[in-house]
Amino acid sequence: MKKIVLLCILAFSLMAGYVDELKKYLLSKEFRIDGKFFLVRKDPAAEWIYAALDDKGEVSGYYKLLGYPPSISNPFGWKPLAYSVSIADLQMIGYFIYVGFRPDLYDPNRKAYSWVFVDARTGAVYKLMGHKNGYFEYLQENGKITPLKGIFFHKEANKAIFYSCMDSFEDSNFSIRKFSKQSGSIAYECKVGASNPYLLLAPIKPKKIKVQDYIQGTITLKRVELNMTKEPLEGLLHIQGTIGEKRLNCLRRYKPLSSQTIRTQWQLRFLANWIGDSKKLEEQGDCTGVDELFEKPLFVGFKRELFIQGDDNASNTILFWKDIYGF
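Criteria and cut-off values
Residues numbered from 1 in each chain as written. Predicted model: local features only at pLDDT ≥ 70, side-chain atom pairs only at ≥ 80, totals over all residues. Heavy atoms only, no water. Salt bridge = Lys/Arg side-chain N within 4 Å of Asp/Glu carboxyl O. Buried < 20%, exposed > 50% of the residue type's maximum accessible area, 1.4 Å probe, protein only. Helix = DSSP H or I, 4+ residues; strand = E, 2+ residues; numbered from the N terminus. Core = buried A, V, L, I, M, F, W, Y, C linked by side-chain atoms within 4.5 Å. Contact = heavy atoms within 4.5 Å. 1 Å grid on protein atoms, 1.4 Å probe; cavity = no way out; pocket = protein on both sides within 12 Å on 5 of 7 lines; lining within 4 Å. Points joined across faces, edges and corners; volume = space filled by probe spheres on them. Arc of directions from axis to C-beta.

K.L.:
Help me understand the pattern of salt bridges in this model?
P.N.:
Any two side chains of opposite charge can pair if their charged atoms end up close together. What the rule picks out here adds up to 15 salt bridges. The residue Asp34 makes a salt bridge to Arg32 at a minimum N-O spacing of 3.3 Å. Given a relative accessible area of 14%, Asp34 falls into the buried group. The partner of Glu283 in a salt bridge is Arg252, with the nearest N and O atoms 2.8 Å apart. In this pair, Glu283 sits in strand β22 (residues 282–286) while Arg252 sits in strand β21 (residues 246–253), placing the two residues 31 residues apart along the sequence.

K.L.:
Explanation requested: the nonpolar core in the structure shown.
P.N.:
Counting 33 residues, the largest nonpolar core has Ile186, Leu268, Leu306 and Ile308 as the members making the most contacts within it. Those residues within four positions of Leu306 in sequence are excluded, and the remaining contacts are Ile186, Ile209, Lys210, Val211, Leu268, Ala272, Asn316, Thr317 and Ile318. Of all hydrophobic cores here, the second largest spans 22 residues; its members include Leu22, Ile33, Val118 and Phe153.

K.L.:
What exactly am I supposed to notice about the layout of surface pockets here?
P.N.:
Put simply, the largest pocket is a space of about 560 Å³. Asp213, Asn273, Phe302, Arg304 and Lys322 are the residues nearest the centre of the largest pocket, which is lined by 25 residues in total. When residues of the lining of the largest pocket are traced back to their parent elements, those giving at least two are β15 (174–183), β18 (206–219), β19 (222–231), β23 (299–310) and β24 (315–326).

K.L.:
Looking at this model, I keep getting lost on helix α3 (residues 265–272). Mind explaining?
P.N.:
Because an α-helix packs 3.6 residues into every turn, residues spaced three or four apart end up facing the same way. Here α3 has its buried residues at Gln267, Leu268, Leu271 and Ala272. All buried residues of α3 project into a common sector of 135 degrees when viewed along the axis, lining one side. Packing partners of the buried residues in α3 comprise β16 (186–188), β17 (198–200), β18, β19 and β23.

Laid out in structure tokens, this is it:
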């Protein structure tokens, strides 16, 4: 009995280590969404239909899950559907994403199953572990299939981005949803309503600061899609994208900020939100409409990546996404 207990403890420890490393891995990368699962309800049973997606997120083909008996060369039993599929007849269930997690690839029993399934309704993330006796096996906890805790899925175009924090708020006039993750000595509080969400965990003497903002949404009834690159220590602000039908490519130069040790959360927030000052040294390209972006409200999807390299060459990053909508 003692030997059995020790073996159980060892197996639990190995699986806990596997889950911890898997979550770190999912948070460290972005992944292509490989396909969508649909459910076709037919009496007396139901069929699972897989829509494979290409690099642009377009459907490249439909397949029936377990249309053939699973094999080494076809572990999911995909059977191509020769007939066209009417989306109206299908119930969208979730996304299927290949993750290529290294411990899976070294295990012959899991090599073909390094995939996650994301519930389209709840966003819950389930890790596929294998196939046995005609059934697919997912990661379990206490004998029950359980989604990964502390992992939150967000679909960004045809990409899957996993975050470690998520919060949302909605009333009759307004909704907001926030995701975030971080590494190093800086962090971002994703809780809606946080007075200063930028958190400094330890002082940083910055050698390089780069902020990448992506904005998609509406301003004064015009569609906006922009990428904004900010380098405060270089005094550079570069904005590219579209406002309505207008293409924008604007480069502005300002007096560079001095590289002072970041000691307060206020300093961190100031650097993240830096957009130059009134004393432009140089302007290149067409910058018409840029200043309106900083003055008028946007109902948007907003993504920011803040990167600070310290004088010790350590990397500190924040990545967050905000969906903001008015009704």
